[in-house]
Structure formats: C-alpha cells, structure tokens
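# Overview (structure and organization)
The lines below spell out each chain.
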Amino acid sequence: KAGVTQTPRYLIKTRGQQVTLSCSPISGHRSVSWYQQTPGQGLQFLFEYFSETQRNKGNFPGRFSGRQFSNSRSEMNVSTLELGDSALYLCASRPRAVYNEQFFGPGTRLTVL
Amino acid sequence: DQQVKQNSPSLSVQEGRISILNCDYTNSMFDYFLWYKKYPAEGPTFLISISSIKDKNEDGRFTVFLNKSAKHLSLHIVPSQPGDSAVYFCAASSDNYGQNFVFGPGTRLSVLP
C-alpha cells in the first residue's frame, strides 16, 4: 500500500501571499489530520477532516483553513502568509476517526520570506 | 501552555547502552499515549503505544512505562543502536477530546558508536 503523500515537498513564498498544500491519504483511510511542526514546539494540531467534514480544530487563526474531498484527499490553505508560518506541515491519515495510530506523510517545508 | 512536555531537547547515549526518554503530561483526561520516531526529511512513524489501563508495554528493544499518578511516561530503548538516532515525540489522546493527539516538542536522541 502506498503511504501518505504530500505535495509539494518544498515551497517558498513571500509575506502576504497565500498557499495551498495537498495531502493524499493511504487508500481506504478516511480521516486526515494536519499538523504544523516548528523547532521547540513539536507538532501543533491544526485540524482533522473525516468524510469531508471538519471534525476537530486546533488553536490556529482563521487564516488556516482546510477541506477534504470525496476521495479523502485533503488540502490546507494559508492566506496572508506571515514569517512565523514558516514550518514543516505534516499530514496524517488513519482508517477511521477513532483509531489510535496515525500514519504521517513526509511533510511540506514552507518558507515565508 | 503545553499539555505534553518533553523537558530534554536532546540526549546522547553510547551504542549498546540504555536510552531513556521522558515525557510528562498535565491533562488527567489523557488515556492513551504514543511514541513516534522521526528521521530528517521523513514524517513521524509510530513506534509504540500504551493505554492508561496498563503501566508497561514492551515491543522488542522498546518498552514504554506509564506512571499515571505522576502523569509521567518514559520510553526505554535497550540496547541502543546508531539507527535509533532520531527525534522522538511523545503524544497523548483522550476519547473525550475526540481523539485529538497532543504532541510534545520532541527529544533528539543521538546514539554514538
């Protein structure tokens, strides 16, 4: 089975721009979560989607949004980028919403200049 | 306020010796704990987990201990191998939180040959 894939792997943007990141979960997995990883902060939970519905949301401003499609693929959008948004964005999938192990993709490294 | 803490940002251990990685949590509602390992340029991979009904779980060279009264868990790696060099994340979840996973900031383990 193919793992979780994320595109693009690397991205450079400037302040004020917007960005869309994509995640394809493992086939058959219906839950997709997004995390932001920065040095010293670990993985900060952004949101989780299950069956095209946002199920949970972390403490991030409204500039961070996401969606999930009927094929379980998910996108994350960040508008009006700030320097502090520079981070590794990780996507994780699991077969169903209540399942303890998550499977992570390699991440998208976003640099905001 | 971090609900999951890993107070040692880094740890160095000699090959063949024991590595002990520590994790503390503040939320008594957490009832399931996981350890993930992350290599550079890869997403975290699941290592081992423990439910709050247990105080120990073992898988090969990896053992996780849970002390609920102290809100503390630890991961023991015996014997440590150079390939174990990675960042280790502790994560906690609770059914009451809809199975959101709260991650610690990570500990970088270096196993020296």
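Here, the structure is the one placed above.
Now for a look at the structure at hand. Being a predicted model, the structure only gives us computed values, none of them experimental. (Residues numbered from 1 in each chain as written. Chains lettered and ligands numbered in written order. Predicted model: local features only at pLDDT ≥ 70, side-chain atom pairs only at ≥ 80, totals over all residues. Heavy atoms only, no water.)

## Here we look at the packing of aromatic side chains
For any pair of aromatic rings, geometry is given as the distance between the ring centres together with the angle between the planes. Threshold: Pairing of aromatic side chains requires ring centres within 6.5 Å, counting the rings of Phe and Tyr and the six-membered ring of Trp. Pairs whose planes differ by under 30 degrees are stacked, by over 60 edge-to-face, and all others tilted. Secondary structure counts use DSSP, requiring at least four H or I residues in a row for a helix and at least two E residues in a row for a strand, with both numbered from the N terminus. Note on exposure labels: buried denotes an accessible area under 20% of the residue type's maximum, exposed denotes more than 50%, and partly exposed covers the range between, all computed with a 1.4 Å probe on protein chains only.
Counted under the stated rule, the structure contains eleven aromatic pairs over all chains. Ring geometry for B:Tyr36 against B:Phe103: centres 5.6 Å apart, planes inclined by 50°, an arrangement best described as tilted. Of this pair, B:Tyr36 sits in strand β4 (residues 32-38) while B:Phe103 sits in strand β10 (residues 101-103), and the two are 67 residues apart along the sequence. On the basis of relative accessibility, which here comes to 0%, the residue B:Tyr36 falls in the buried class. Classification of B:Phe103 by relative accessible area gives buried; the value is 4%. Three or more aromatic residues joined by ring pairs form one cluster here, namely A:Tyr35, A:Phe45, A:Phe104, B:Tyr36, B:Phe46 and B:Phe103.

## What to know about the sheet that holds strand β7 (residues 64-68) of chain A
Residue and element names in this part refer to chain A. Stated precisely, the cut-off is as follows: Two strands are counted as paired when DSSP detects at least two bridges linking them. Axis angles are defined between N-to-C directions and span 0 to 180 degrees, where every axis is a line fitted to C-alpha atoms and, for a helix, only to the segment in contact.
Overall, antiparallel pairing links the four strands, which are arranged β1-β3-β8-β7 in an open sheet. Both outer strands of the open sheet, β1 (5-7) and β7, are each paired with one neighbouring strand and no more. Here the average twist between neighbouring strands, direction ignored, is 20°. Summarising the sheet, β7 and strand β8 (residues 74-78) pair through five bridges and their orientation is antiparallel. In the sheet register, Gly 66 faces β8, and the bridge partner there is Met 76.

## Description of the sheet that holds strand β1 (residues 4-5) of chain B
Residues and elements named next belong to chain B. Pairing is antiparallel in the open sheet, where five strands are placed in the order β1-β3-β8-β7-β6. Single-partner strands in this sheet number two, and they are β1 and β6 (56-59). As defined by bridge partners, β1 adjoins strand β3 (residues 19-25) across two bridges and the pair is classed as antiparallel. Among the inter-strand pairings, Lys 5 is bridged to a residue of β3, identified as Asp 24.

## What to know about the interface of chain A and chain B
Accessible area lost on assembly of the parts is the figure often given for the size of an interface. This is how it is decided: Contacts are assigned to residue pairs that have any heavy atoms within 4.5 Å of one another. Summed over both partners, the accessible area (1.4 Å probe) lost when two parts come together is defined as the buried area. Salt bridges, as used here, are contacts in which a Lys or Arg side-chain nitrogen is within 4 Å of a carboxyl oxygen on Asp or Glu. Within 3.5 Å is the distance limit for a polar contact, defined as a pair of N or O atoms, with the added protein rule that one can donate a hydrogen and the other accept it, and that residues adjacent in sequence qualify only through two side-chain atoms. Here the nonpolar group is Ala, Val, Leu, Ile, Met, Phe, Trp, Tyr, Cys and Pro; Asp, Glu, Lys and Arg are the charged ones; every other residue, Gly included, is treated as polar.
Counting residues at the interface gives 23 residues for chain A, matched by 20 residues for chain B. When chain A packs against chain B, the two sides together hide about 1,600 Å² of surface, and 51% of this comes from carbon and sulfur. Our enumeration of links across chain A and chain B arrives at zero salt bridges. Along the contact surface separating chain A from chain B lie two residue pairs in polar contact (both at pLDDT 80 or more). Every element with two or more residues in the side of chain A that touches chain B is listed here: β4 (31-38), β5 (42-50), β6 (53-57) and β9 (87-94) of chain A. Per-element accounting of the side of chain A that touches chain B gives the leading share, four residues, to β5(A). Its residues assigned to classes, the side of chain A that touches chain B shows ten nonpolar, eight polar and five charged.

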